[in-house]
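Chains, contacts and geometry: an overview
Given next are the chains, with one letter for each unit.
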Amino acid sequence: MTTLVLCVDRDGDFDHGTPVVGEAAIIDLITSAGVAAPEDSRVNCLLETLRVARSLRAECTDAISVVVSGSGDTVNIDRDIADQIDALVDEHDPQSAVVVVDSVADEQTVPIIESRLRVDAVDRVIVQQARDIESTYYLLKRLLVDEELRRTLFIPLGTALLAIPVIVSLTDNVTAVVAVVTAGIGAFLLYKGLGIDDAVEQFPSVVRAAFYSGQVSFVTYVVGAGLALIGVFAGAIGISGMQPGVLMGIKFVFVSVPWFALAALAASTGRLFDRLLTDDRVPAALFNAPFGIVALGLIVRGFGAFVLENAAVIGPVELPAMSVGPIATDGLVLLTGTRLLVFVIAGVLISLLGVVVTSRVRTPAKDASNRQ
């Protein structure tokens, strides 16, 4: 099998006519190019071409070292290189090629070569002293070419740079300006990084499909969103007047977690009904989800209450005095850990109940499938 080891010089800086074929001719070219410009990376590219060719010959592969180049404007350079590749293919009948380049411009000729010959590898020569600079250059070139990266990186930065002088001209508070701009950039990057833009783009079609298909989950999702908003407002009202800190966050969770649990319960119940109406095989996770949501909500609220009660943010649970016939009880105040214990035990019991119900519901279906 014959392999062409192609050193591509798209800039057309070699004084010799191209193509230059053979190791002896390339060594002469290295000598003349190295004497003329010892710091030029083309010399390293030529040496790498000889190294790759010798390595292939050591593996019992017939390797031919070749240097191709062009002259003139961009179109003429690419056409010259294409003509030289055609001539080499006709003369040597190679089955593959290894392309050796030392710049991004030279690498742009790879599609031209691939259209005429199979390219097994592209060897990028980076001079060791300039490795960091060259790597940075490659990275910047890719950023500029990739449209998605440009929109994600350059648009928020450009908008921020334009917004800073405008906001500074309207206010003298530089700290507030920096905070607003930084928050805007962070929100945009999270919006793109978490894929929220894709979800927002697909949301109308998803809603339309759910509405016309008559899915129960469409209604329960709306109910869940409303309950979640109520939870946010309830938590905000609950922490009004508190000093910022950890207790403020715990109080917000304590107040809002029942509403969040109800929202998740509504959404999971809607999904469960949809699967029950359309499919006989319902995953165990859908059956167990409502019980798990309630159990998690109880446990989180119990731990939140324990912390807040010890910090004297909320008061203890007081049971009023009761009398039923001849039996009468005095009022009772639960200890701090008692409330936590009750919530944890209730959460564990509800979770176990979910496991039992799920196993009872799915066992008949398995038996029926086995009988069939």
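Source: prediction; values computed, not measured.

Reading the values: the criteria
- Residues numbered from 1 in each chain as written.
- Predicted model: local features only at pLDDT ≥ 70, side-chain atom pairs only at ≥ 80, totals over all residues.
- Heavy atoms only, no water.
- UniProt positions renumbered as here; feature names shortened; annotations may be inferred.
- Helix = DSSP H or I, 4+ residues; strand = E, 2+ residues; numbered from the N terminus.
- Phe/Tyr/Trp six-rings, centres within 6.5 Å; stacked < 30°, edge-to-face > 60°.
- Lys NZ or Arg CZ within 6 Å of the ring centre and 35° of its normal.
- Pairing = 2+ DSSP bridges.
- Buried < 20%, exposed > 50% of the residue type's maximum accessible area, 1.4 Å probe, protein only.
- Disulfide = S-S within 2.5 Å.
- Contact = heavy atoms within 4.5 Å.

**Comments concerning the UniProt feature "transmembrane region" (unreviewed entry) in the chain**
Feature annotation in UniProt assigns "transmembrane region" (unreviewed entry) to the following positions: residues 149-168, 174-191, 218-240, 252-273, 285-308 and 340-361. Strand forms 0% of residues 218-240 and helix 91%; the C-alpha atoms that close the span are 34 Å apart.

**Things to note about the packing of aromatic side chains**
Inspection of the entire model under this criterion finds zero aromatic pairs. Looking at Arg301, its charged tip hangs above the ring of Phe254, at a distance of 4.0 Å from the centre.

**Observations concerning the sheet that holds strand β4 (residues 96-101)**
One open sheet holds the five strands; their spatial order is β2-β3-β1-β4-β5, and the pairing between them is mixed. The strands lining the two open edges of the sheet, one partner per strand, are β2 (20-21) and β5 (119-124).

**Examining unusual backbone geometry**
A positive phi angle, near 65 degrees, is found at Cys60, a position not held by glycine. Here Cys60 is to be found in the loop between α2 (41-58) and β3 (62-69). For Ala312, which is not glycine, the phi dihedral falls at a positive 60 degrees. Of note, Ala312 is situated in the loop between α12 (284-310) and β6 (318-319). Residue classification places Ala312 among the exposed positions, given a relative accessible area of 66%.

**Points about the state of the cysteines**
Under the counting rule described, the total for this entry stands at zero disulfides. We note that Cys45 lacks a disulfide partner, and the nearest cysteine sulfur, in Cys7, lies 3.4 Å from it.

**What to know about the environment of Leu6**
Considering the arrangement of structural elements, one finds Leu6 in strand β1 (residues 2-9). Setting aside anything within four residues of it in sequence, one finds Leu6 in contact with Val66, Val68, Ile85, Leu88, Ala97, Val98, Val99, Val100 and Ile113.

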